Amino acid sequence: MSTLHRGKKSQTKPAQKRLHPRNIHNQGYDFPSLTKSYPPLAPHVKANAHGNLSIDFANPLAVKALNAALLKRYYNIIDWDIPEGALCPPIPGRVDYIHYIAELLGVREPAQKPSGARPGIAMLDIGTGANGIYPILACSIYGWQCVGTDISARSLDNVASIIAKNPKLANRFTLRRQQDRNRIFEGIIQAGEFFDVSVCNPPFHASQEDARKGSQRKTNNLAHNRGAAPSTPSNSPTLNFGGLDAELWCKGGERMFLKKLIKESQIYSAQCRWFTSLVSKSGNIKPAKKLIHKLGATDIREIEMKQGNKITRVLAWTFIKTPD
């Protein structure tokens, strides 16, 4: 299991749990630099109650502007955008996933000058959504070849528009639509094709109503942290989940999705070295590991990712025997 014990200890409070050591966002957000690089962020940046520059993280427009600024400033991605209501991922946490996956694959450092002429890591992103964030970061940081899949044509169309505006992605990031919402790898992984790793951020709610309530709780918690009144259905802002494309929910929620992902991974066990997935609910780890073991995996790993007081987990498994 991967853990981090880095950073200086504060004399007044415990040290914050850190991002992956390679993560360039370990020092927080440099808002002056970000607004200079991406001026549309500037109207959203204000001093918080502690006198530090910040944004209202309960405002989807502010979070989207921050993401666009981070992608432009640090990853040279321009004109990143998502449709209203689509999932807006936190960039530092998504970068962490990519770095931990690189570590899993034995990649020791980001590519200095990615070359399309040399063979590289091939990554499959299950449910890339309208944001396409994992392949965008993997291409930008490590120069990997990526395939992003989704059941939503609308989401894939949006990612295609981002790729079209960023030539550096054109030869590295391709898209495939999953035509059958009851399948994950079938119809996506082609005959004779091999991926070094698959990544996935599964929907973790069992219904759209659960997703709405979860987003409402998150909005109210953010309001509480900044001393504002909690929102109600009549005054709440646009909630940050994909309603039309159901990016945050599926029948049976995260546990059932993981079960389906794991079972289907066995069928394609010779065509992908490592299968991985984020697991948001700790209670889903044990049954997932039990199923993976039952299906004959040769290695199972649980990777902890830490940011502030939040801990998320990546579950990784392989059916391919590796030399000791």
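Let us look at the structure shown here. For clarity, every value in this text was computed on a predicted model and none was experimentally measured.

### Here's the deal with the packing of helix α8 (residues 253-267) against helix α9 (residues 285-294)
Contact geometry for α8 and α9: axes closest at 10 Å, N-to-C directions at 15°. In terms of their interaxial angle, α8 and α9 are classed as roughly parallel. Where α8 crosses over α9, the two elements pack in a sense that is right-handed. Of the residues in α9, those touching α8 at R255, K259, I262 and K263 are P287, A288, L291 and I292. Per-class residue counts for the contact of α8 with α9 are 5 nonpolar, no polar and 3 charged.

### A closer look at the packing of aromatic side chains
As enumerated under the stated definition, the model contains 8 aromatic pairs in all. Between F275 and F319 the ring centres are 6.3 Å apart and the planes differ by 75°, which places this aromatic pair in the edge-to-face class. With F275 in strand β7 (residues 272-279) and F319 in the segment after β9 (310-318), this pair connects stretches of sequence that are 44 residues apart. Here a set of aromatic residues connected by ring pairs shows up, and it is made of F185, Y268, F275, W317 and F319.

### Observations concerning the nonpolar core
Membership of the largest hydrophobic core comes to 55 residues, with the highest contact counts inside it found for L41, L71, W80, I101, M123 and W144. Broken down by element, the residue count for this core peaks at 9 residues, all from helix α2 (residues 60-75). Residues in contact with L41, not counting those within four places in the same chain, are F31, L34, T35, I55, A62, A65, L66 and A69. I262, I285, L291 and L315 belong to the second-largest nonpolar core, a separate cluster that totals 27 residues.

### Focus on the environment of L71
Inspection of the secondary structure puts L71 in helix α2. Here L71 is in contact with N76, I77, W80, I91, I133, I136 and L137, once residues within four sequence places are set aside.

### Focus on the pairing of β9
Across 5 bridges, the pairing between β7 and β9 is antiparallel. In the sheet register, F275 faces β9, and the bridge partner there is W317. Judged from the 9 bridges that link them, strand β8 (residues 299-307) and β9 form a sheet pairing that is antiparallel. Bridge assignment links E304 to a residue of β9, and that residue is R313. Linking two consecutive strands that pair antiparallel, namely β8 and β9, is a turn of 2 residues; a positive phi of about 60° is found at G308 within it.

### Focus: the pattern of salt bridges
Pairs can form between side chains of opposite charge once their charged atoms are near each other. Evaluation of the coordinates by the stated rule reveals 7 salt bridges. Across the pair E186 and R183 runs a salt bridge whose closest N-O atoms are separated by 3.1 Å. R301 is the partner of D299 in a salt bridge, and the nearest nitrogen-oxygen pair spans 2.9 Å. Relative accessible area serves as the criterion here: at 36%, R301 is assigned to the partly exposed category. If you follow the salt bridges from partner to partner, you end up with K289, E302 and R313 in one network.

Definitions and cut-offs
- Residues numbered from 1 in each chain as written.
- Predicted model: local features only at pLDDT ≥ 70, side-chain atom pairs only at ≥ 80, totals over all residues.
- Heavy atoms only, no water.
- Axes fitted to C-alpha atoms, helices over the stretch in contact; angles between N-to-C directions.
- Helix = DSSP H or I, 4+ residues; strand = E, 2+ residues; numbered from the N terminus.
- Parallel < 35°, antiparallel > 145°, perpendicular 65-115°, else oblique.
- Left-handed = near helix turned anticlockwise from the far one by under 90°.
- Contact = heavy atoms within 4.5 Å.
- Nonpolar A, V, L, I, M, F, W, Y, C, P; charged D, E, K, R; others polar.
- Phe/Tyr/Trp six-rings, centres within 6.5 Å; stacked < 30°, edge-to-face > 60°.
- Core = buried A, V, L, I, M, F, W, Y, C linked by side-chain atoms within 4.5 Å.
- Buried < 20%, exposed > 50% of the residue type's maximum accessible area, 1.4 Å probe, protein only.
- Pairing = 2+ DSSP bridges.
- Salt bridge = Lys/Arg side-chain N within 4 Å of Asp/Glu carboxyl O.

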